[in-house]
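# Structural features, examined
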Amino acid sequence: MLTNRQLFLIHLGQTSSAPLMLEIERAEGLYMFGKSGEKYLDLVSGVSVSNIGHRHPRVVKAVKEQVDLYLHLMVYGEMIQNPQVQYAHKLAGLLPADLNNCYFVNSGSEAVEGALKLAKKFTGRSRIISFKNSYHGSTHGALSVQGSETYRNVFRPLLPDTWQISFNDFSALDSIDNRTACVITEPVQAEGGVIYPVRRYLEAIRQKCSDKGALLIFDEAQTGFGRLGSMFALEKFNVIPDILVLAKALGGGMPLGAFIASKEIMSSLVLNPGLGHITTFGGHPVCCAAGLASLEVIIEEDLIFVCKEKSDLFRKELVHPLIREIRGDGLLMAVELIKPELIHYIIAHAPEHGLILDYFLFCDNAFRIAPPLIITNDEVRLACGLIKELLNDASNNIE
Ligand SMILES: Cc1ncc(COP(=O)(O)O)c(C=O)c1O
């Protein structure tokens, strides 16, 4: 009989030539467990998804309760479904007043697609500006605005009238003009290797968009739900976009995305033609129930306020000759090493040291630390000890 490992390689579409290939039997809190009792400290959170850890009891309870009531009822936007309504209401209460109308979809890419379409429909314009080294997803529209020519080029033709400018370059903002439908940016570029905006940069984008009548879209798929030490990065930087994209931790471990705007902007999808954006499964009731429960835990357990302290502790403990720099003042950090050749070794060998680490898509000299926000100070120290052992191992094995 073939093993799951063999079946994985035979039957599952692969995304990489070197998948991690860990066979996980269950996951709980900060840890994943293998079939033979292996225990891995998760420092990735499934890429900024499991912000309250794996299988939080409140999320499991919410999922079970919803499963007992109903699963899919009807395409999105027709029936009044309690988990969707309650979640949208909760989000509106946490966001700036104008971001009060939530369109639920299934993923980050899909939320980006919806946001771009909404901006085009509302403004009647087609030009879209985004930033080099940004990541917004893998579907055609999202790919058209992501900031890597390597990934885009092989799939051309893509969406026309999309332009990428350099992040943190003030003069490049002159390309935002009165033909521009929208500017889409991550407030902090996650896959670019945790690149923060320089002072006043997001304000400058906001101002330029307002001057030219273009909409500003913040993609907070990775920065939302406490990771940077505020519920959303828009609070941290005090800049309000016209459309907000949420995903990843939005679903509390279930697949969910959303684009959020004012009622006025969102209404442009309703007429001429009607059904301007539709989805069968968007805002699945089980996913909304899980997401709402997860958000309540983030708030009730004050997970946001301890984020900076834990990030500081990582920085204090994680001192090693191979580390050049640690970027990020929340629990989304890029650990830059002195040699890019070390990164593959570090990530591939992390499980042997009881750790899950990951790459960044567009930054080849750093690895990612983005643990669940529930990590305790003792677990931060434990993680740093294991990472330093791993770095010693790498320096003994890589020239
Ligand atoms: C900032 C950002 N936007 C959008 C996406 C796409 O989300 P998904 O993979 O759920 O389609 C990602 C995924 O990594 C992301 O980091």
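It should be noted that the structure appears before, not after, this text.
Reference entry: report on the structure contained in this document. (Residues numbered from 1 in each chain as written. Predicted model: local features only at pLDDT ≥ 70, side-chain atom pairs only at ≥ 80, totals over all residues. Heavy atoms only, no water.)

The next thing to look at is the overall build of the chain. Counting its regular elements, the chain contains 14 helices and 15 strands. Taken against the 2.2 N^0.38 rule, which gives 21 Å for 399 residues, the C-alpha radius of gyration of the chain at 21 Å falls within 12% of a compact globule. Here the chain holds 399 residues, and the buried ones make up 55% of them. Computed over 37 positive and 44 negative side-chain charges, the inter-centroid distance for the chain is 3 Å. (Helix = DSSP H or I, 4+ residues; strand = E, 2+ residues; numbered from the N terminus. Rg over C-alpha atoms; globule rule 2.2 N^0.38 Å. Buried < 20%, exposed > 50% of the residue type's maximum accessible area, 1.4 Å probe, protein only. Lys, Arg positive; Asp, Glu negative; His and termini not counted. Charge placed at Lys NZ, Arg CZ, Asp CG, Glu CD.)

All right, on to the pattern of salt bridges then. A side chain of one charge can pair with a side chain of the opposite charge when the charged atoms of the two come close. In the structure shown here, the tally under the stated rule is 22 salt bridges. The partner of Glu23 in a salt bridge is Lys35, with the nearest N and O atoms 3.6 Å apart. Here Glu23, found in the loop between helix H1 (4–11) and strand S1 (24–28), pairs with Lys35, found in the loop between strand S2 (31–34) and strand S3 (39–42); they are 12 residues apart in sequence, far enough to count as distant. Take Glu23: its relative accessible area is 34%, and that puts it in the partly exposed class. Between Lys236 and Asp329 there is a salt bridge, with its nearest N and O atoms 3.0 Å apart. In this pair, Lys236 is assigned in helix H9 (residues 233–237) and Asp329 in the loop between strand S11 (323–327) and strand S12 (333–337), connecting sequence segments 93 residues apart. A residue is classified by how much of its surface remains accessible, and Lys236, at 30% relative accessible area, is partly exposed. One connected set of salt bridges, linked through shared partners, spans Arg324, Glu325, Arg327 and Glu336. (Salt bridge = Lys/Arg side-chain N within 4 Å of Asp/Glu carboxyl O.)

As a structural note, the neighbourhood of the ligand is formed by Ser107, Gly108, Ser109, Tyr135, His136, Gly137, Glu186, Asp219, Ala221, Gln222 and Lys248. Take Gly108: an N or O atom from its main chain is 2.8 Å from an oxygen atom of the ligand. Across the complex, the protein chains shield 83% of the 390 Å² of accessible surface that the ligand would expose by itself. Its residues placed into classes, the shell around the ligand shows 2 nonpolar, 6 polar and 3 charged. (Near = heavy atom within 4 Å. Polar contact = N/O pair within 3.5 Å; in protein donor to acceptor, adjacent residues only side chain to side chain. Areas by Shrake-Rupley, 256 points an atom, 1.4 Å probe, with all protein chains shown as cover. Nonpolar A, V, L, I, M, F, W, Y, C, P; charged D, E, K, R; others polar.)

Orientation of helix H4 (residues 82–94) relative to helix H11 (residues 285–300), taken along the N-to-C sense of each, is 35°, at an axis distance of 8 Å. Crossing hand, H4 versus H11: left-handed. Residues Pro83, Gln84, Gln86, Tyr87, Lys90, Leu91 and Leu94 of H4 lie in contact with H11, whose contacting residues are Pro285, Cys288, Ala289, Gly291, Leu292, Leu295, Glu296 and Ile299. Grouping the amino acids of the contact of H4 with H11 by side-chain chemistry returns 10 nonpolar, 3 polar and 2 charged. (Axes fitted to C-alpha atoms, helices over the stretch in contact; angles between N-to-C directions. Left-handed = near helix turned anticlockwise from the far one by under 90°. Contact = heavy atoms within 4.5 Å.)

End to end, H4 covers 19 Å across 13 residues, agreeing with the expected 18 Å (1.5 Å per residue, within 8%). Buried within H4 we find Pro83, Gln84, Tyr87 and Leu91. Taken down its axis, H4 places every buried residue within 95° of arc, on the same side. Of the residues in H4, the exposed ones pointing more than 90 degrees away from the buried face are His89 and Gly93. (Expected span 1.5 Å × (residues − 1). Arc of directions from axis to C-beta.)

Another point: the packing of aromatic side chains. The description of two aromatic rings rests on the distance between their centres and on the angle between their planes. Summed over all chains, the structure comprises 12 aromatic pairs. Taking 6.3 Å as the distance between ring centres and 75° as the angle between the ring planes, the aromatic pair formed by Tyr196 and Phe237 counts as edge-to-face. Within this pair, whereas Tyr196 is found in the loop between strand S7 (180–185) and helix H8 (201–212), its partner Phe237 is found in helix H9, the two being separated by 41 residues in sequence. Judged by its relative accessible area of 22%, Tyr196 falls in the partly exposed class. Given the relative accessible area of 18%, Phe237 is considered buried. (Phe/Tyr/Trp six-rings, centres within 6.5 Å; stacked < 30°, edge-to-face > 60°.)

Right, let's get into the sheet that holds strand S14 (residues 358–360). Backbone hydrogen bonds hold the strands of a sheet together, and the pairing may be parallel or antiparallel. Overall, antiparallel pairing links the 4 strands, which are arranged S11-S12-S15-S14 in an open sheet. Of all the strands in the sheet, just S11 and S14 have a single pairing partner and so form its edges. Each neighbouring strand pair of the sheet contributes to a mean axis angle of 35°, computed without reference to strand direction. Of the pairings in the sheet, the one linking S14 to strand S15 (residues 363–369) comprises 2 bridges and is antiparallel in character. From the neighbouring strand, Asp358 faces S15, where its bridge partner is Arg368. (Pairing = 2+ DSSP bridges.)

This part takes up the side chain of Thr279. Structurally, Thr279 is set in the loop between helix H10 (263–266) and H11. In terms of polar contacts, Thr279 uses its side chain to reach the backbone amide nitrogen of Gly282, at 2.8 Å. The residues touching Thr279, leaving out its near neighbours within four places in the chain, are Val75, Tyr76, Tyr103, Phe104, Val105, Asn106 and Glu110.

Let us now look at the nonpolar core. Residues Tyr87, Leu91, Ile205, Phe225, Phe259, Phe314 and Phe367 are the most contacted members of the largest nonpolar core, which totals 120 residues. Membership of the second largest hydrophobic core comes to 6 residues, among which are Ala27, Tyr40, Val44 and Val47. (Core = buried A, V, L, I, M, F, W, Y, C linked by side-chain atoms within 4.5 Å.)

Glancing now at the environment of Thr280. Mapped onto the elements, Thr280 comes out in the loop between H10 and H11. Here Thr280 falls in the partly exposed class, since its relative accessible area comes to 41%. Separated by 203 residues in the primary sequence, Thr280 and Gly77 place their C-alpha atoms 9.2 Å from one another. The contact partners of Thr280, leaving out residues within four places of it in the chain, are His72, Met74, Val75 and Tyr76.

Below, the discussion takes up the side chain of Asp42. Take Asp42: it is sitting in strand S3. For the buried residue Asp42, which engages in no salt bridge, the nearest side chain bearing the opposite charge is Arg227, 8.2 Å off. Among the polar contacts listed, one links the side chain of Asp42 to the backbone nitrogen of Val44, at a separation of 2.8 Å. Ignoring any residue separated from it by four or fewer positions in sequence, one finds Asp42 in contact with Leu30, Met32, His54, Ile356, Pro371 and Pro372.

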